[in-house]
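Architecture and fold: a report
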Amino acid sequence: MKQNKPFLSFFLILLICLSNIFFILNLKPITKVQATEIYDGEVKNIFIHSLIAYPEILDTKSKYIIKKYDIDCIDYIEFNNMLNELYKNDYVLIDINNTFNVNENGIAIKNKIKVPKGKKPLVLGIDDVVYDPSKSGNGMVDKICVDKKGNLYTETIIDNKKEISYNREFAPILENFVKVHPDFSYNSAKCCINLTGFCGILGYRISDKNDSFRNKEINDCKKVVNRLKELGYTFACHSYSHYHIKKTCVENVKQDLQDWKDYIEPVIGKTNIFVYPYGEWEIINGDKLSQKQQALCDYGFKLFLGVGIYDFFTQMPLNSNMKQKILFADRKNIDGYTLFNRQEELKKMFDPIKVLSKYSIERHKLK
Ligand SMILES: [Zn+2]
């Protein structure tokens with residue numbers, strides 16, 4: 001008996017180990033390593049503004065307000081439709097920060113883009129995302145929030161009551177979509193939120209001059225910002241005051257950067273991406289960088305984004321021997337105007353006819 005004991009314990013341990021291995025193999029899904037490849041084509045770079053979350057409310061407003069929102073924005077139905085179409089056409093969301101690298105000399109250079117085999121990379125941007133209280137009640141949400149479970153939702157005051165929604169603004173919609181189609185997001189990338197600061201961000205009045213009010217807004221806002229970052233959202237600077245760069249002076253550009261540093265950067269962190277307001281830029285003056293562009297470069301921005309209908313990712317200025325060039329990319333605006341008027345160009349990515357909502361089509365008929 002004595003001699004059998006070690007053998008019995010060894011046998012028992014072996015049995016426990018084997019059963020554990022089978023248990024793990026049976027219950028744990030075998031994670032497939034995703035095959036990736038270098039993508040040589042143009043990286044599509046598109047942006048929208050905050051969505052028309054309640055088109056039924058917008059349609060009760062004046063012709064002037066309807067036209068403004070209709071030209072600049074798409075609604076929540078169209079955003080859902082667009083995601084579906086892009087997904088069907090094999091696009092995958094990538095992080096814009098992975099499209100470039102900064103070398104040891106501080107120069108930004110374009111990266112080789114990797115995507116899962118058979119997929120096409122897509123950079124998605126959302127511009128402004130202010131929720132200016134003076135425009136509240138026109139059909140956009142009032143703020144983005146996060147619930148106790150970490151889910152994103154929006155709050156909107158409608159008829160003096162607080163309406164809560166999990167499917168009317170870009171972030172909650174994107175979260176719902178990626179839950180169903182996880183392969184629409186490469187390495188958890190979602191989109192880049194290109195913020196201004198003059199009226200706070202994401203519906204929080206973090207630029208308010210009243211400090212006691214501002215501190216509470218900052219605390220609430222940080223919770224949302226941190227959750228967005230955890231979920232794969234990134235942030236870029238779209239200027240503090242949304243100026244016209246050609247009409248403003250160097251001093252204003254510098255003050256604008258200071259305001260960004262004082263009010264917005266402490267909440268969202270540093271970014272080295274600058275999104276030109278209105279897509280306007282003034283890169284050179286004669287044969288050197290303009291003072292305004294130099295101020296932006298001195299601040300630490302490395303990638304500069306404009307607006308244009310062509311695929312474009314290059315060193316600016318073009319056709320110049322200038323030593324100090326800047327990395328520049330154009331973005332396509334997806335809005336009520338381009339969905340109707342740039343259909344041929346958009347068809348290279350998705351069929352705009354399949355994206356349009358009944359609200360947009362009705363408004364278009366009334367024109
Ligand atoms: Zn803008």
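See above for the structure.
Read on for a plain summary of the structure. (Residues numbered from 1 in each chain as written. Predicted model: local features only at pLDDT ≥ 70, side-chain atom pairs only at ≥ 80, totals over all residues. Heavy atoms only, no water.)

Turning our attention to the environment of Met-82. Summarising the element assignment, Met-82 is placed in helix α4 (residues 76-88). With relative accessibility at 0%, the residue Met-82 sits in the buried group. Sequence-wise, Met-82 and Leu-356 are 274 residues apart; in three dimensions their C-alpha atoms are separated by 8.7 Å. Apart from residues lying up to four places away in sequence, Met-82 is in contact with Ile-46, Ile-48, Ile-334, Phe-350 and Val-355. (Helix = DSSP H or I, 4+ residues; strand = E, 2+ residues; numbered from the N terminus. Buried < 20%, exposed > 50% of the residue type's maximum accessible area, 1.4 Å probe, protein only. Contact = heavy atoms within 4.5 Å.)

So, about the environment of Val-225. On the secondary structure map, Val-225 appears in helix α6 (residues 211-230). Those residues in contact with Val-225, other than ones at most four positions away along the chain, are Ile-201, Leu-202, Phe-235, Val-267 and Ile-268.

Moving on: the sheet that holds strand β8 (residues 143-146). Ordered by their spatial adjacency, three strands build an open sheet running β8-β9-β10, and the pairing between neighbours is antiparallel. Lying at the two open borders of the sheet, with one neighbouring strand each, are β8 and β10 (161-165). Each strand of the sheet is rotated relative to its neighbour by a mean of 35°, with strand direction disregarded. Of the pairings in the sheet, the one linking strand β9 (residues 152-158) to β10 comprises five bridges and is antiparallel in character. Looking at β10, one finds that Ile-158 is bridged to Lys-161. Here helix α5 (residues 170-180) sits on the sheet and contacts β8 and β9; the angle it forms with β9, its principal contact strand, is near 140°. In the packing of α6 onto the sheet, the strands contacted are β8 and β9, and the crossing angle to β8 comes to about 75°. (Pairing = 2+ DSSP bridges. Axes fitted to C-alpha atoms, helices over the stretch in contact; angles between N-to-C directions.)

The first and last C-alpha atoms of α6 sit 28 Å apart over 20 residues, in line with the 28 Å expected at 1.5 Å per residue. Within α6, burial applies to Arg-214, Glu-217, Ile-218, Cys-221, Val-224, Val-225 and Leu-228. Packed against the buried residues of α6 are β8, β9, α5, β11 (192-195), β12 (234-237) and α7 (250-268). Once α6 ends, the next one or two residues include Gly-232, with phi positive near 105°. (Expected span 1.5 Å × (residues − 1).)

Tracing the backbone through its elements, the reader meets Leu-303 in strand β16 (residues 303-305). Note: C-alpha distance between Leu-303 and Phe-100 (203 residues apart in sequence) is 7.9 Å. What Leu-303 contacts, discounting residues up to four positions off in sequence, is Ile-96, Thr-99, Phe-100, Asn-272, Ile-273, Phe-274, Phe-313, Leu-327, Phe-328 and Ala-329.

On to unusual backbone geometry. Pro-317 follows Met-316 through a cis peptide bond whose omega is -5°. Along the chain, Pro-317 turns up in the loop between β17 (313-316) and β18 (326-329). Non-glycine residue Asn-187 carries a positive phi angle of around 50°. In this structure, Asn-187 sits in the loop between α5 and β11. Unlike most non-glycine residues, Tyr-278 shows phi in positive territory, near 60°.

This part is about the pattern of salt bridges. In this structure the tally under the stated criterion is 17 salt bridges. Here the residues in one salt-bridge network are Asp-59, Asp-70 and Arg-363, joined through shared partners. (Salt bridge = Lys/Arg side-chain N within 4 Å of Asp/Glu carboxyl O.)

Applying the stated criterion to the full structure yields zero disulfides. With no disulfide partner, Cys-192 has as its closest neighbouring cysteine sulfur the one in Cys-191, 7.6 Å distant. A relative accessible area of 4% means that Cys-192 is categorised as buried. (Disulfide = S-S within 2.5 Å.)

Around the zinc ion, the donor atoms from the protein are Asp-128 (OD), His-238 (NE2) and His-242 (NE2), and they sit 2.1 to 2.4 Å away. Mapped onto the polypeptide sequence, the residues donating to the zinc ion form the spacing pattern D-x109-H-x3-H. One end of the pair, Asp-128, is in strand β7 (residues 120-128); the other, His-242, is in the loop between β12 and α7, and 114 residues separate them in sequence. Among the residues examined, His-242 registers a relative accessible area of 16% and is labelled buried. (Donors = N, O, S within 2.8 Å, 3.2 Å for Na, K, Ca; no water.)

Turning our attention to the side chain of Glu-78. You can see Glu-78 is positioned in helix α4. No salt bridge is formed by the buried Glu-78; its nearest oppositely charged neighbour, Arg-363, is found at 6.3 Å. In this structure the side chain of Glu-78 is engaged in a polar contact, spanning 3.1 Å, whose partner is the backbone nitrogen of Ser-357. Within the local environment of Glu-78, its side chain forms a polar contact with the side chain of Ser-360, the two groups lying 2.6 Å apart. Once you skip the residues sitting within four places of it in the chain, Glu-78 turns out to touch Leu-339, Val-355, Leu-356, Ser-357 and Ser-360. (Lys, Arg positive; Asp, Glu negative; His and termini not counted. Polar contact = N/O pair within 3.5 Å; in protein donor to acceptor, adjacent residues only side chain to side chain.)

Before going further, it helps to examine the packing of aromatic side chains. Evaluated as defined, the whole model comprises twelve aromatic pairs. Taking the centre distance of 5.2 Å and the plane angle of 70° together, the rings of Trp-281 and Phe-328 count as edge-to-face. Placement of Trp-281 in the loop between β13 (273-275) and β14 (284-285) and of Phe-328 in strand β18 is noted, with a sequence separation of 47 residues between them. Since its relative accessible area comes to 33%, Trp-281 is described here as partly exposed. What makes Phe-328 buried here is its relative accessible area of 0%. In textbook terms, an aromatic cluster arises when at least three aromatic residues are bridged by ring pairs, as seen for Phe-274, Tyr-276, Trp-281, Tyr-299, Phe-301, Phe-304 and Phe-328. The ring of Tyr-76 carries Arg-168 above its face, with NZ or CZ at 4.3 Å from the centroid. (Phe/Tyr/Trp six-rings, centres within 6.5 Å; stacked < 30°, edge-to-face > 60°. Lys NZ or Arg CZ within 6 Å of the ring centre and 35° of its normal.)

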